[in-house]
Structure formats: C-alpha cells, structure tokens
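Notes for the structure review
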Amino acid sequence: MKTLDIASAVIGEGAKDGGCKYGASALLKSGMVQSLARAGRSVQTLAAVTADPMSARDRMDVVARFSREHAETVLRAVRGGRQLLVLGGDHSCAIGTWSGAAQALALKGRLGLIWVDAHLDAHTPQTSESQAPHGMPLAALLGHGSAAFTEIFGWSGKLNPENVVVIGVRSYEPAERALLEALGVRIIYMEEVARRGFAPCFAEAKAAVTSGCAAWGVSFDVDGLDPEEAPATGTPVDNGIPLDQAMAALSLCRDDPRFIALEIAEYNPLKDFGGKTARAVHALAVAGLGLGVPVPAEDLVS
Ligand SMILES: [Mn+2]
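Looking at an unreviewed UniProt entry, one finds the chain named Arginase, with Acidovorax bellezanensis as its source organism. The annotation that UniProt attaches to the chain under Catalytic activity (unreviewed entry) is "L-arginine + H2O = urea + L-ornithine". According to UniProt, the comment filed for the chain under the heading Cofactor (unreviewed entry) is "Mn(2+)".

1. Things to note about the overall build of the chain
The helix and strand inventory of the chain stands at 11 helices and 9 strands. Based on the C-alpha atoms only, the size of the chain along its principal axes is roughly 45 × 40 × 40 Å. Of all intrachain contacts in the chain linking residues separated by at least 6 positions in sequence, the fraction that spans at least 24 positions is 74%. Accessible surface, the chain: about 11200 Å² in total, of which carbon and sulfur atoms supply 52%. Within the chain, the 34 negative side-chain charges are centred at a point lying 6 Å from the centre of the 27 positive side-chain charges.

2. Considering the packing of aromatic side chains
Scanning all chains against the criterion turns up 3 aromatic pairs. Pairing phenylalanine 198 with phenylalanine 202 gives two aromatic rings, centres 5.8 Å apart and planes at 50°, and the pair type is tilted. Taken together, the residues span about one helical turn, with phenylalanine 198 and phenylalanine 202 both in helix H9 (residues 198-210) at a distance of 4 residues. Phenylalanine 202 shares its class with phenylalanine 198; the two are buried. Here the basic side chain of lysine 158 rests over the ring of tryptophan 155, its NZ or CZ set 4.8 Å away from the ring centre.

3. Focus on the coordination of the manganese ion
Distances from the manganese ion to its protein donors, His91 (ND1), Asp117 (OD), Asp121 (OD) and Asp221 (OD), fall within 2.1 to 2.2 Å. The sequence pattern describing where the donors of the manganese ion fall on their chain is H-x25-D-x3-D-x99-D. On the criterion of sequence distance, the pair formed by histidine 91 in the loop between strand S4 (83-87) and helix H4 (93-105) and aspartate 121 in the loop between strand S5 (110-116) and helix H5 (137-141) is long-range, its members being 30 residues apart. Look at histidine 91 and you get buried, because its relative accessible area is 0%. In this structure aspartate 121 comes out as buried when scored by relative accessible area, which is 5%.

4. A short note on the packing of helix H3 (residues 59-79) against H4
Following both chains from N to C, one finds H3 and H4 inclined at 40°, their axes separated by 7 Å at the closest point. For the element pair H3 / H4, the angle class is oblique. Judged by the twist between their axes, the crossing of H3 over H4 is right-handed. When H3 is examined against H4, the residues Val63, Phe66, Ser67, His70, Ala71, Val74, Leu75, Val78 and Arg79 are found in contact with a partner set consisting of Cys93, Ile95, Gly96, Thr97, Ser99, Gly100, Ala101, Gln103 and Ala104. Of the residues belonging to the contact of H3 with H4, the class tally is 10 nonpolar, 7 polar and 1 charged.

5. Points about H4
Compared with the 18 Å implied by 1.5 Å per residue over 13 residues, the 19 Å span of H4 between its first and last C-alpha is a close match. Of all 13 residues that make up H4, 13 are buried, and the element is covered over most of its length.

6. Examining the packing of H9 against helix H10 (residues 243-250)
In contact at an axis separation of 8 Å, H9 and H10 are set at 30° when each is read in the N-to-C sense. Considering the angle they form, H9 stands roughly parallel to H10. The way H9 lies across H10 gives a crossing that is right-handed. Between H9 and H10, the contacting residues are Phe198, Ala199 and Phe202 on the first element and Gln245, Ala246, Ala249 and Leu250 on the second. Residues that form the contact of H9 with H10 fall into these classes: 6 nonpolar, 1 polar and no charged.

7. Structural notes on the environment of valine 74
Mapped onto the fold, valine 74 is located in helix H3. Residue valine 74 is classed as buried on the basis of its relative accessible area, which comes to 1%. Once the C-alpha coordinates of valine 74 and alanine 102 are considered, the two residues, 28 residues apart in sequence, prove to be 9.6 Å apart. Setting aside residues up to four positions removed in sequence, valine 74 forms contacts with Leu84, Thr97, Gly100 and Ala101.

8. Thoughts on the pairing of strand S7 (residues 186-189)
Note that strand S6 (residues 164-169) and S7 share 4 bridges and pair parallel. Bridged to isoleucine 167 within S7 is isoleucine 188. A crossover links S6 with its parallel partner S7, the connecting element being helix H7 (residues 174-183), and its sense is right-handed.

9. A look at the pattern of salt bridges
Here the structure, examined in full by the defined rule, presents 12 salt bridges. Taking the shortest distance from any N to any O, the salt bridge between arginine 110 and glutamate 162 comes out at 3.3 Å. Taken together, the residues arginine 110 in strand S5 and glutamate 162 in the loop between helix H6 (147-150) and S6 connect sequence positions 52 residues apart. Of the residues examined, arginine 110 reaches a relative accessible area of 33% and is grouped as partly exposed. Its salt-bridge partner being arginine 186, residue glutamate 192 comes within 2.9 Å of it at the nearest N-O pair. Glutamate 192 sits in the buried class, given a relative accessible area of 15%. Bridged by salt links that share partners, the residues Arg186, Glu192, Arg196 and Glu204 form one connected network.

What counts, and at which threshold
- Residues numbered from 1 in each chain as written.
- Predicted model: local features only at pLDDT ≥ 70, side-chain atom pairs only at ≥ 80, totals over all residues.
- Heavy atoms only, no water.
- UniProt positions renumbered as here; feature names shortened; annotations may be inferred.
- Helix = DSSP H or I, 4+ residues; strand = E, 2+ residues; numbered from the N terminus.
- Contact = heavy atoms within 4.5 Å.
- Areas by Shrake-Rupley, 256 points an atom, 1.4 Å probe, with all protein chains shown as cover.
- Lys, Arg positive; Asp, Glu negative; His and termini not counted.
- Charge placed at Lys NZ, Arg CZ, Asp CG, Glu CD.
- Phe/Tyr/Trp six-rings, centres within 6.5 Å; stacked < 30°, edge-to-face > 60°.
- Buried < 20%, exposed > 50% of the residue type's maximum accessible area, 1.4 Å probe, protein only.
- Lys NZ or Arg CZ within 6 Å of the ring centre and 35° of its normal.
- Donors = N, O, S within 2.8 Å, 3.2 Å for Na, K, Ca; no water.
- Axes fitted to C-alpha atoms, helices over the stretch in contact; angles between N-to-C directions.
- Parallel < 35°, antiparallel > 145°, perpendicular 65-115°, else oblique.
- Left-handed = near helix turned anticlockwise from the far one by under 90°.
- Nonpolar A, V, L, I, M, F, W, Y, C, P; charged D, E, K, R; others polar.
- Expected span 1.5 Å × (residues − 1).
- Pairing = 2+ DSSP bridges.
- Right-handed = clockwise from strand over helix to strand, strands pointing away.
- Salt bridge = Lys/Arg side-chain N within 4 Å of Asp/Glu carboxyl O.

Structure follows, in structure tokens:
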C-alpha cells in the first residue's frame, strides 16, 4: 500500500465567501491524520500551499499563481509514487490538483476524473456572471477559459472529455451545460442519482474514467452532499447525495492501484457549528482511502 500524502490547498479567494480558505487546517486540526491512521493508512502531511492575494494583480491572478505552486506539489507526490488526499480550499484548487496529476502522468497515459458536485464548475470568464474562479475549474482542465488556468506546465487539455464524468448536478447555468455537452462530457444529474442511487452512478462513472487511462481520481465538492448532512459548504443546494451512499460509492476507490488522488473541496469551517460537516468529510476520506470496513460518520471525532 502506498504512503498517503495530505496536501493542504489553502485558498478561498476563488469564491465570493472566502471561508473555505480555512478548510484544510480545520480538517487537520479535527484529526484527519488520526482518522486515516486508524483506517490503516500511513500518512504524511505536506507543507501547505497558501494563496497570497498581496502578491497578485486580481482574483484570477491569485488563483493562477496558487494553481502553479499547488500543481508542483501534486506533481512531486504523484511522481514519487504516493497517493494523495487534497484538502481544499474552494474548488478552484482543482485546477492545480489535476494539472499536477496530469503532468505526472504525461508520458504514461491519460488521467480520468469523477467530479462530484451540485454545480458544473464549467464557466469561462466569457460566460461567468460572478467571475468567481471556483465556478471555472472543470472548464479549465478541459482546456477552456483563461490561459493562466489552462496552460499550466505549458500545455492545455489536462482532461479528455470522454474520461470525465460529473455526478450530483442540480444547479448550473445554461452556458456551462452547453460547453460540457458540446465536448461530450457525461453529466449525471441529481434526478438520475435519486432514481438509481449514487453508488451505481459512481460505478458507471468509474468504468468510464478508467477506460484507457493510466490513472484516475475523484474531485469531491462537499456541496454535492445533501446540506442536511453537510451544511458547512460554500454554496449549499438542497436535495443532494446522501452521505451513506457517498461513502459506499467512494469505497470503490479502494484497492485500485490506479486511483491516485481524492480531493475534497468547499468545506467551510466558519459555518460548521458542532463539527457535523467535518465528520462527514472525515467519513468521505476514510471511505475512499482507508482500509478495512468503512467507519460510520458518527464514530469519527472532530
Ligand atoms: Mn465545485
């Protein structure tokens, strides 16, 4: 079993409400290393990468600079043969995470990605009303949007549309849907998840993102979960994925040597009174990365 590296993506500048900047440190403080160690993993915590607004021109530039540095951290970990847990951070951290993973694989083959989210995160500066970078990472990874986001490591198109599946979607703008449909990305909307269950949808997604790929990962936006169970997130949307179904699905990541990284973004500890959402995030991490029987969320301390 590989060593597990935890990468802290300390960024909130990609969102309107910057509270997610404190997500990674709060999750570590609430015992994430211990939760994973109890689940049988040997864990090492990497030096945090922190977005620095004072050295940047504007919000896009903050995210671009952060993304390049974070991508280098991920590149080193994946090249070193370690598995990764990336703790956000608003979801703009995904630009760096999956650019670094794709760069690490560049000569070995393609990267597949399951994107769990209430939103599509597929805006470009041309389509986004809010101009918030955390609404743009999936488009950027597919090669659309600001060159500062798409051209990390000097090449664009870190993900191929046929190796990306988005699940749990229930709030989006027409332009995002139009872009992803034009590219041929499979989108599993929440109504389909409600009908079929999340785990069967995730299993289908896994088959798609692993087909012909050297490695795969999961980017999990906490807002994909039902806000009854995970209220402390940047942009909650009702009627989301039940936590127990998410845990069952993520357990499909275990024991797959091609599974290189789990990213959990948009956890906002400033809204997490009582630590309920932290417990949900611990449960997701243990479900996806732990060994042995998945631990129920209520048994994880925070
Ligand atoms: Mn998102």
